[in-house]
Each structure stands twice: as structure tokens, then as C-alpha cells.
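Summary of structural features
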Amino acid sequence: KPLGYVMTAAPAQPSAALEECVSETGARLDYRLSINGCVSSYRHRRAAGFVYRDQQPGSEALYECRAPQGHHFASTDAACEGLGNPIGRLGFLLGS
């Protein structure tokens, strides 16, 4: 099941630009999504689209999560599907 959809252009409602960031630690790459720019150990990889700042009808929250192994992933489940710890809410996706 898709998580939902990001928008390719900023909507009329308040939104945030979603960025994909990457960090190289030895041979290991870690990708994460960010709405506030990449943190210092990560570099900007690409623009990923736009998410709503506030919940809209039919939208789903998108959370940033961190797995016990240290890598990051995104989920629409506030508990990160039991696969890691929530870091915070990135915004709201168009519903799938």
C-alpha cells in the first residue's frame, strides 16, 4: 500500500518543502526526509515534493522514524509500525 502522495507544487494551503537528505558513513548510506533542511551530517540529495503543514480532509500524517540499526524511514504510523522510534511528524500527505 502506498503511504500517500506528495505534491509536486506548493498548494494554496500552508505547506512545507520536503527534501531527501543522504549521509555516507563508510560504505553505508542513510537517507532521510526533512522539512527544515538537512542536518549537518547529511547533504541535500533532491527535492521530494511538498506536504501540508496542517491536516486537510483526506490527508494522512507522515512521520520520520529511526530503526534500531540507525537508518531512517518514513511511515504514516505514529508508532513507526513497531520497526523503530518516531522522531517527529514531517507533515501531511495526500491520502492514498
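That block above? That's the structure.
Residues numbered from 1 in each chain as written. Predicted model: local features only at pLDDT ≥ 70, side-chain atom pairs only at ≥ 80, totals over all residues. Heavy atoms only, no water.

1. A short note on the pattern of salt bridges
- Inspection of the entire model under this criterion finds four salt bridges.
- Between Arg 43 and Glu 24 there is a salt bridge, with its nearest N and O atoms 3.4 Å apart. Residue Arg 43 is found in strand β3 (residues 43-52), and its partner Glu 24 is found in strand β1 (residues 15-25); the two are separated by 19 residues along the sequence.
- Arg 43 sits in the partly exposed class, given a relative accessible area of 47%.
- Between Glu 64 and Arg 32 there is a salt bridge whose closest N-O contact spans 2.7 Å. (Salt bridge = Lys/Arg side-chain N within 4 Å of Asp/Glu carboxyl O. Helix = DSSP H or I, 4+ residues; strand = E, 2+ residues; numbered from the N terminus. Buried < 20%, exposed > 50% of the residue type's maximum accessible area, 1.4 Å probe, protein only.)

2. Notes on the pairing of strand β4 (residues 59-66)
- Most of β4 sits inside the fold, with six of its eight residues counted as buried.
- Pairing between β4 and strand β6 (residues 85-94): eight bridges, direction antiparallel. Along β6, the bridge assignment pairs Ala 61 with Phe 92.
- Pairing of β4 with strand β5 (residues 72-75) involves four bridges; the strand directions are antiparallel. When the sheet's bridge partners are listed, Cys 65 is paired in β5 with Phe 73.
- From the end of β4 to the start of β5, which pair antiparallel, there are five residues, and Gly 70 there has a positive phi angle of about 105 degrees. (Pairing = 2+ DSSP bridges.)

3. Considerations on the packing of aromatic side chains
- This structure, assessed with the given rule, holds zero aromatic pairs.
- Its end group placed over the ring of Tyr 42, Arg 32 keeps NZ or CZ at 5.1 Å from the ring centre. (Phe/Tyr/Trp six-rings, centres within 6.5 Å; stacked < 30°, edge-to-face > 60°. Lys NZ or Arg CZ within 6 Å of the ring centre and 35° of its normal.)

4. Concerning the side chain of Ser 75
- Assignment of secondary structure puts Ser 75 in strand β5.
- On the basis of relative accessibility, which here comes to 0%, the residue Ser 75 falls in the buried class.
- Engagement of the side chain of Ser 75 in a polar contact is seen with the backbone nitrogen of Asp 77, the distance being 2.9 Å.
- A polar contact is formed between the side chain of Ser 75 and the side chain of Glu 81, at a distance of 2.5 Å. (Polar contact = N/O pair within 3.5 Å; in protein donor to acceptor, adjacent residues only side chain to side chain.)

5. Here's the deal with the environment of Ser 75
- Between the alpha carbons of Ser 75 and Leu 90 there is a distance of 9.9 Å; along the sequence they are 15 residues apart.
- Setting aside anything within four residues of it in sequence, one finds Ser 75 in contact with Leu 3, Ala 61, Leu 62, Tyr 63, Cys 65, Cys 80 and Glu 81. (Contact = heavy atoms within 4.5 Å.)

6. Details of the side chain of Glu 19
- Along the polypeptide, Glu 19 turns up in strand β1.
- One buried charged residue, Glu 19, remains without a salt bridge, the closest side chain of opposite sign being Arg 53 at 10 Å.
- In terms of polar contacts, Glu 19 uses its side chain to reach the backbone amide nitrogen of Gly 37, at 3.4 Å.
- A polar side-chain atom of Glu 19 sits 2.9 Å from a polar atom in the side chain of His 44. (Lys, Arg positive; Asp, Glu negative; His and termini not counted.)

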